[in-house]
Amino acid sequence: MTFQDLTEEEFFKFFSDIWDRGTMDSTYKFALGRFLVEYCRQENPDLHVSFATIAKYFLKYFWPQVCRSNLKHNGHGNKRKPTIVTCIENNFKKDEDGNEIVYTVNYGDWGKLDHQEMEDKVKTCVDRLSNPKSNPKEEQLFCFTNVPYAFQRIDNDFHNGYLFSYNQDGWVEKPGKTPVPKFDKYHGIDINPKAATFFKKYNRILEKVVILEWTRFLEKFNSTPKLIEKTEGGKIERNLAKAKKFTKILQESGFNTCFYNESHDLTSGKIHADHVIPFSYIREDELWNYVLSCEKCNLAKSDYLPQEEFLEKLIRRNNDKKNFIPELEKSLSKFTDDPDKEILRHYKNALSDGFIQFKGRFD
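No experiment lies behind these values; they were computed from the predicted model shown.

A. Main features of the nonpolar core. Core analysis: the largest hydrophobic core is formed by 68 residues, its most contacted members being Phe35, Phe58, Phe62, Leu163 and Phe199. Considering every element that reaches this core, the biggest residue donor is helix α3 (residues 51–68), with 11 residues. When neighbours within four sequence positions are excluded, phenylalanine 62 is seen to be in contact with Thr27, Tyr28, Ala31, His73, Ile84, Val85, Ile88 and Trp214. Of all hydrophobic cores here, the second largest spans 36 residues; its members include Leu250, Cys297, Leu311 and Leu314.

B. Summary view of helix α5 (residues 115–130). Helix length check: α5, at 16 residues, gives a terminal C-alpha distance of 23 Å against a target of 22 Å (1.5 Å per residue), a fit within 8%. Among the residues making up α5, those that are buried are Met118, Lys121, Val122, Cys125, Val126, Leu129 and Ser130. Each buried residue of α5 lies within a common arc of 140° when the element is viewed along its axis, so the set occupies one face. Opposite the packed face of α5, turned more than 90 degrees from it, sit the exposed residues Gln116 and Lys123. Those residues of α5 that are buried lie in contact with α3 and α4 (83–92). Two or three places before glutamine 116, at the start of α5, stands the capping residue aspartate 114, its side-chain oxygen 3.1 Å from that residue's backbone nitrogen.

C. Structural detail: the pairing of strand β7 (residues 290–294). The element β7 is largely enclosed, with a buried count of five among its five residues. Here strand β6 (residues 271–275) runs beside β7; their pairing, made up of five bridges, is antiparallel. Bridge assignment links isoleucine 271 to a residue of β7, and that residue is cysteine 294.

D. Quick look at the packing of helix α2 (residues 28–39) against α3. Viewed as axis vectors pointing N to C, α2 and α3 meet at an angle of 110°, and their least axial separation amounts to 10 Å. Taken together, the axes of α2 and α3 are roughly perpendicular relative to one another. The hand of the α2/α3 crossing is right-handed. Packed against α2, whose contacting residues are Tyr28, Ala31, Leu32, Arg34, Phe35, Glu38 and Tyr39, the element α3 presents Thr53, Ile54, Tyr57, Phe58, Lys60, Tyr61 and Phe62 at the interface.

E. Representation of the sheet that holds strand β2 (residues 164–165). Across the sheet, which stays open at both edges, the three strands sit in the order β1-β5-β2 with antiparallel pairing between neighbours. Looking at strand neighbours, the two that pair on one side only are β1 (48–49) and β2, the edges of this open sheet. Sheet topology places β1 next to strand β5 (residues 189–191); two bridges connect them, and they run antiparallel. Bridging from a neighbouring strand, histidine 48 pairs with aspartate 190 of β5.

F. Looking closely at the packing of aromatic side chains. For the structure on display, the rule yields 47 aromatic pairs. Aromatic side chains phenylalanine 51 and phenylalanine 183 sit 6.4 Å apart centroid to centroid with 70° between the ring planes, which places their arrangement in the edge-to-face category. You can see phenylalanine 51 sitting in helix α3 and its partner phenylalanine 183 sitting in strand β4 (residues 180–183), a full 132 residues away along the chain. On the basis of relative accessible area, phenylalanine 51 is assigned to the buried category, the value being 4%. Judged by relative accessible area, phenylalanine 183 falls into the buried class, the value being 9%. With centroids separated by 5.1 Å and ring planes inclined at 90°, the aromatic side chains of phenylalanine 259 and tyrosine 260 adopt a geometry described as edge-to-face. Overall, the relative accessible area of 5% leaves tyrosine 260 in the buried class. Against the face of tyrosine 281 rests lysine 230, its NZ or CZ located 4.4 Å from the ring centre. The ring of phenylalanine 255 has arginine 317 sitting right over it, with the charged end atom 6.0 Å from the ring centre.

Criteria and cut-off values
Residues numbered from 1 in each chain as written. Predicted model: local features only at pLDDT ≥ 70, side-chain atom pairs only at ≥ 80, totals over all residues. Heavy atoms only, no water. Core = buried A, V, L, I, M, F, W, Y, C linked by side-chain atoms within 4.5 Å. Buried < 20%, exposed > 50% of the residue type's maximum accessible area, 1.4 Å probe, protein only. Helix = DSSP H or I, 4+ residues; strand = E, 2+ residues; numbered from the N terminus. Contact = heavy atoms within 4.5 Å. Expected span 1.5 Å × (residues − 1). Arc of directions from axis to C-beta. Polar contact = N/O pair within 3.5 Å; in protein donor to acceptor, adjacent residues only side chain to side chain. Pairing = 2+ DSSP bridges. Axes fitted to C-alpha atoms, helices over the stretch in contact; angles between N-to-C directions. Parallel < 35°, antiparallel > 145°, perpendicular 65-115°, else oblique. Left-handed = near helix turned anticlockwise from the far one by under 90°. Phe/Tyr/Trp six-rings, centres within 6.5 Å; stacked < 30°, edge-to-face > 60°. Lys NZ or Arg CZ within 6 Å of the ring centre and 35° of its normal.

Next up, the structure:
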């Protein structure tokens, strides 16, 4: 029997074995699984896929995790970052002067940003990740060095052709280790037609399996809330109805100056409802984390963490007003532990996860 003759039951078993019995030491394995499921969802996909095409999908998966949620992706048993994370950080997270950048947009929704500049950065990343010749040796950014054979490897069987095939040209011998396939780094992969049909038919459940397994892997390095949502990397959407409601509650409770600079009066001009701990980290709309801000201060703060003095101010505000604002008391009651400690823990975890603290002044 050839791989093209496999049944759905056999495909299900093999797909399960990849996560249950395969080696889980790199996030690339999850990204490739997600790619296969998503790519085969389209009508009549080209079954020969270049590494450049796969790199475009990888970039779409990793960019929000790195630029929006700051997830850690340590792999191979050490603290070395995957090359795709390094590539994204070098191209997206720093400006020309080396200063760190916080993005508030979703991937592809560049909004008021320079579209051409962002598209050029995407193109640069895809080229460096997928073309071995384009990379300086010291960067080693080609991210498919082990991926093709490692994904389908169960024990010492590499199953080349089971879900997809790659052009193999001999073996790479390593002292004391099982030889691994030597493959053509420029050819890409060829998806098994039966596997493509399987991925398309069951794409919804298979994608959920990959996201679950990816999240389990990331749990080892991240203590962040809403980890599944952040692993999925979907659009971050704030609840505008809640923001409007909370703004009204805080206004009616006497808050009429900017939280970050009390000399800024809010009785005139545009009022912003701001998450003190950024929404891209906390991923929930709760009144305990909402404050009123003037437009200037809110735009300056963006998705940065404020200085710790403002966290202390937020905690004092919550304690002082919780007995007078029922919605605030209800929001704080959702904490399972002491609210003050939980809020401080969220703040410190966000710092640990790479969220940047605002260094400017609220003038």
